[in-house]
Structure formats: structure tokens, C-alpha cells
Amino acid sequence: MVSSDVRTFSEHLKGSKRIMALLGAGISAASGLPTFRGAGGLWRSYDATELATPEAFEANPDLVWQFYSYRRHMALNAKPNPAHYALAELAKRNKEFITLTQNVDGLSQRANHPLDQLHLLHGNLFTVKCTSFYCNYFRENDFTDPIVPALAIPKNLPEPPPYSDDKTAEEASESLQNAMGTGEQTELDISDERIPLAPLERELLPHCPECKEGLLRPGVVWFGEALPSHTLDFVDDWMKEGRIDLMLVIGTSSRVMPAAGYTEMARSKGARIAVVNMDGKDTGPGKLTSQDWSFQGDAGVLVPEILKSVIGEI
Ligand code: BV8
């Protein structure tokens, strides 16, 4: 029977050197960022995993950019939570601890996690790169929000929706404003599918300043794209260096591969597994045993708690 005993976990943690953490969207939920599956994994009426593909970008670069511009905006307005800070503190105290994050929100970086111990499996919302085949332009730490004026989060509804016979444009717009409760001039929540999104002309989207032709895209790994080879190689080499004492699996549904596969690999290198997840059923691939731990609840609360014996109060 898997344990939820913080005391036995703390004992093992204090005796552990080679530790790996795999992070998912759940660690940033406490910072107010939606997970991929939290709301059924939807963004407006789209399955987020369907927007995070090269095909979606090819077909509708404006819609995909509105999805990413919204997530950049949300991430920039979010703050790292105690779980991000706790892992950063553990990394500062143990140079043999590495964090693999599936998240692209930049919150671990903003919690001052040592960057040489933080590995981004799926890229970063704040890296952008050119999509022209022959152009290698990219830039990191692009925190401009919006990245281009056309992607600004609207503060009021676009042109009144086409009105039906029995309503004037003003009446139609008023009824939509009322439905949205957006009388005052605040940012609209464009993740709400009731907000009409105006299609954007291609030339209004971010373009490459180097080749002048290519559209820029978010520097994230889309479904169907390979993960960064330097990251995969680093993790493979780190795993080969010897036995792993502990694997922390925090806030992930462990559904996305190859990231989720690292838990089994760590287990095969002797790691005891500790899962932190709001959903007690999301315990990752493979079966947890009595040698492992499952802590159910908010990572923002639990992670600093279970690491306290080594990092002290966060
Ligand atoms: C590749 C960046 C090959 C973009 C992302 C093997 C088997 C099956 C499928 C595949 C396979 N190998 C490859 C695939 C296909 C695919 C895949 O895995 N599909 C899935 C859907 C089945 N994988 C790929 O395409 C990968 N590429 O394999 O390439 C290749 C090789 C050579 C050449 C060409 C190709 C690329 C995958 C990367 C996709 N990009 N992100 C973006 O973010 O927009 S993945 C994206 O979704 C996130 O980064 C994240 O990784 C993932 C969502 O997962 P989670 O983070 O776990 O989030 P989720 O919402 O699912 O779960 C949240 C969890 O938190 C839940 O458990 C919840 O209970 C918990 N929680 C909620 N609140 C809290 C909490 N826990 C604690 N506290 C809380 N408060």
C-alpha cells in the first residue's frame, strides 16, 4: 500500500542525493494558470492539444497566436507559488537535484530556480522563433505583451455581432455586453467562447525581423514535434550516471510522452517515487508500491511542506 506519511518521506529525502522532479501544469494551478485538462483541457471550444500542433498553426496562425498570446499574458500576470520556490531552494542546496518541467509558463525561472538544474522539456512561451525553413532566427525572454498590437486582449467587444432582423446592431451589442457583464472597460476573458474573436490578417501577426518574411511562432514543443535533443541527451546522461534516490512527480496527469516516461526510467534506476497531485488517481505510469508515496492535494501547499526537512520554511 503506497504511503502518504510525510515523516518516512522526510527521512528518505534527507538521505537522498540524486533526485529528479517532473513537473506538470498542476504545479502552476496554484498560481492561477489553467491546466490542460483542468477545464476538460479546453480553450474556448477547442481542445488545447489540438491548438498546440504545427498543423493548427499552418491552418490558422491567427487563432493559434491568440491562444498563445493569451497564455503569455496569463503567465506574465501570474506569480510563482511556494511550490516553485521550494523546488528552487532544494536545487540551491543540492546540486545533484534536477527539475524537468513540462510547463512553458516561466514560473520556475521566476522563482529563481538555478537554470542549470531546470530543464524545459516543452520549451517556453517567451521564446519565439522564425518559421521560415532557411531562417534560424529566434529570441528568448521576449516578454512583450502583447507581442504585436493586434494580439492585445480586447477591452471591449469587437464590432457588434451581425444583428438579426428583430435587433439593431446596438441592441445586439448591448445584449452581448450584458451577457458578458462587460459594461466597464476591463479586459475580456477571451478564453470564454462567448467572446467573438476577430480573425486577424496574417500581416498583423508577429513576423521575423531578420528574414522579414517568416511568421514567428511560440518557442514551445508542439504535439508531433521532437523535444529538444540537448535536453533529452542531458537527461539520458544524467540517468546513466548512477542510481537515482528519489523521483518527485508533481502536478502532472502523466499522459504526455516521452515526458511521462521518465518516471518509469527513474524507477528502473532504483528511485522511490513521490507523487503530489490534486487527484489521488493521477499517480503516473506504473504502479506505486509501499516504497513510494502519494500526497494528494494542492502542490502549492504540499511541496513546501514535504520538502521542509531539507529546505526549512519557505
Ligand atoms: C514526440 C507545449 C516524437 C505546448 C506540450 C507515446 C504514447 C502515446 C503518445 C505519444 C507517444 N509518443 C509521442 C506521442 C504523441 C504525443 C503525446 O504524448 N500525446 C498525448 C496527448 C497522448 N507526444 C508528442 O507529440 C511529443 N513529441 O513524441 O515527438 C518525434 C520524435 C522525432 C521527430 C518528430 C517527432 C511532444 C509532446 C509535447 C507537447 N507540448 N506543451 C503548450 O504548452 O502549448 S504538452 C502540454 O500538455 C504541457 O506541456 C503538458 O506537458 C501537457 C499537459 O500535461 P500536464 O502538465 O500533466 O497537465 P494536465 O492538465 O494534463 O494535468 C494536470 C495535472 O495536475 C492533473 O493530474 C491534475 O490532477 C493535477 N493538478 C491540478 N491542479 C493541481 C494539480 N496537482 C497539484 N496541485 C494542484 N493545485
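Residues numbered from 1 in each chain as written. Predicted model: local features only at pLDDT ≥ 70, side-chain atom pairs only at ≥ 80, totals over all residues. Heavy atoms only, no water.

1. Remarks on helix α11 (residues 299-311)
- The principal kink in α11, of about 30°, is found at Glu305.
- What α11 keeps buried is the set Ala299, Gly300, Leu302, Val303, Pro304, Ile306, Leu307 and Ile311.
- Considering only its buried residues, α11 is in contact with α1 (6-14), α2 (26-29), α6 (82-93), β9 (246-250), β10 (272-277) and β11 (293-296).
- A side-chain oxygen of the first residue of α11 lies 2.8 Å from the backbone nitrogen of Gly300; this N-cap is Asp298. (Bend = angle between axes of the 7 residues up to and from the residue. Helix = DSSP H or I, 4+ residues; strand = E, 2+ residues; numbered from the N terminus. Buried < 20%, exposed > 50% of the residue type's maximum accessible area, 1.4 Å probe, protein only. Contact = heavy atoms within 4.5 Å. Polar contact = N/O pair within 3.5 Å; in protein donor to acceptor, adjacent residues only side chain to side chain.)

2. Focus on the nonpolar core
- In this structure, Trp65 and Tyr68 are the most contacted members of the largest nonpolar core, which totals 41 residues.
- Breaking this core down by element, the ones donating at least two residues are α3 (48-51), α4 (54-59), α5 (61-77), β6 (123-130), α8 (169-180) and β8 (216-220).
- Looking at this core, the element that brings in the most residues is α5, giving seven residues.
- Residue contributions to this core reach at least three from each of two domains, namely domain 1 (1-33 + 78-122 + 226-314) and domain 2 (36-77 + 124-153 + 190-220).
- The contacts of Tyr68, once residues within four sequence positions are left out, are Leu51, Ala52, Leu125, Pro218, Val220 and Trp222.
- Ala21, Leu23, Ala91 and Ala274 belong to the second-largest nonpolar core, a separate cluster that totals 25 residues. (Core = buried A, V, L, I, M, F, W, Y, C linked by side-chain atoms within 4.5 Å. Domains from an automatic or database assignment.)

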